[in-house]
Amino acid sequence: MAAALPSFRQRLKQLFSRLALALVLCLSLALTACSSANTGLSGNYVEDTVAVADSLLSTIALGADDPARAEAEIEARSLSNGYVARYRPRSSVNGLGSFTTMQTAINSMAGHYTNYPNRPLPEALKERIAKELKKAETNATRGA
């Protein structure tokens with residue numbers, strides 16, 4: 001009987017560890033499904049590209065002393081992340097010139113906001129990003 005106790009304990013321990021693992025997996029799947037925030041993207045590449053480009057253009061147009069700038073930058077990051085996350089995996093889109101131009105503009109903005117969170121965009125960077133966003137918008141509407 002003494003030999004049967006360790007095997008029973010081992011089986012009980014394995015059972016609890018498997019149940020705990022299953023519980024963690026179920027919770028992570030449930031939380032992932034619940035956390036899919038509404039990014040405001042429609043799923044139509046052209047419409048989303050134009051909307052994101054317009055939103056980013058209005059964000060970079062805000063003045064350094066504008067009280068809405070901090071909130072606009074946070075929203076721009078969120079929108080940019082949602083846009084790239086949605087369209088980067090799509091092979092029908094990620095090879096288009098409009099997408100790569102858009103991604104370049106987004107990366108430039110994100111890099112500045114990450115490295116210099118309290119500073120406004122420099123004029124040269126603003127002009128370059130605005131030019132890229134307009135180019136991406138034009139190319140997306142043309143289908144390129």
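What counts as what
- Residues numbered from 1 in each chain as written.
- Predicted model: local features only at pLDDT ≥ 70, side-chain atom pairs only at ≥ 80, totals over all residues.
- Heavy atoms only, no water.
- 1 Å grid on protein atoms, 1.4 Å probe; cavity = no way out; pocket = protein on both sides within 12 Å on 5 of 7 lines; lining within 4 Å.
- Points joined across faces, edges and corners; volume = space filled by probe spheres on them.
- Helix = DSSP H or I, 4+ residues; strand = E, 2+ residues; numbered from the N terminus.
- Nonpolar A, V, L, I, M, F, W, Y, C, P; charged D, E, K, R; others polar.
- pLDDT = per-residue confidence, 0-100.
- Phe/Tyr/Trp six-rings, centres within 6.5 Å; stacked < 30°, edge-to-face > 60°.
- Buried < 20%, exposed > 50% of the residue type's maximum accessible area, 1.4 Å probe, protein only.
- Salt bridge = Lys/Arg side-chain N within 4 Å of Asp/Glu carboxyl O.

A. Local environment of empty space enclosed by the protein. With the rule as written, the count across this model stands at two cavities of 30 Å³ or more. Empty space within the largest cavity amounts to approximately 60 Å³. What lines the largest cavity is simply T59, I60, L62, R69, E73, Y113, P120, L121 and K126. Within the residue set of the lining of the largest cavity, elements represented by two or more residues are helix 2 (45–61) and helix 3 (69–87). In the lining of the largest cavity, the residues fall into five nonpolar, one polar and three charged.

B. Fine view of the confidence of the model for the protein chain. Averaged over every residue, the pLDDT of the protein chain is 83; the share at 70 or more is 81%. Averaged over each element, pLDDT in the protein chain is lowest for helix 1 (residues 4–34) (68) and highest for helix 6 (residues 123–142) (93).

C. A look at the packing of aromatic side chains. All chains considered together, the criterion is met by four aromatic pairs. Ring geometry for Y83 versus Y87: centroids 5.2 Å apart, planes at 55 degrees, classification tilted. Separated by four residues within a single helix, Y83 and Y87 lie in helix 3, roughly one turn from each other. As far as the burial class goes, Y83 and Y87 line up, both buried. Aromatic ring contacts, followed pair by pair, group Y45, Y83, Y87 and F99 into a single cluster.

D. Spatial organisation of the pattern of salt bridges. For the coordinates displayed, the defined rule picks out three salt bridges. When the shortest N-O distance is used, the salt bridge between K126 and E123 registers 3.6 Å. Residue K126 and its partner E123 are both found in helix 6; the two are separated by three residues, about one turn of the helix. A relative accessible area of 18% places K126 in the buried class. Here E132 ties to R128 by a salt bridge, and the two come within 3.5 Å at their closest N and O atoms.

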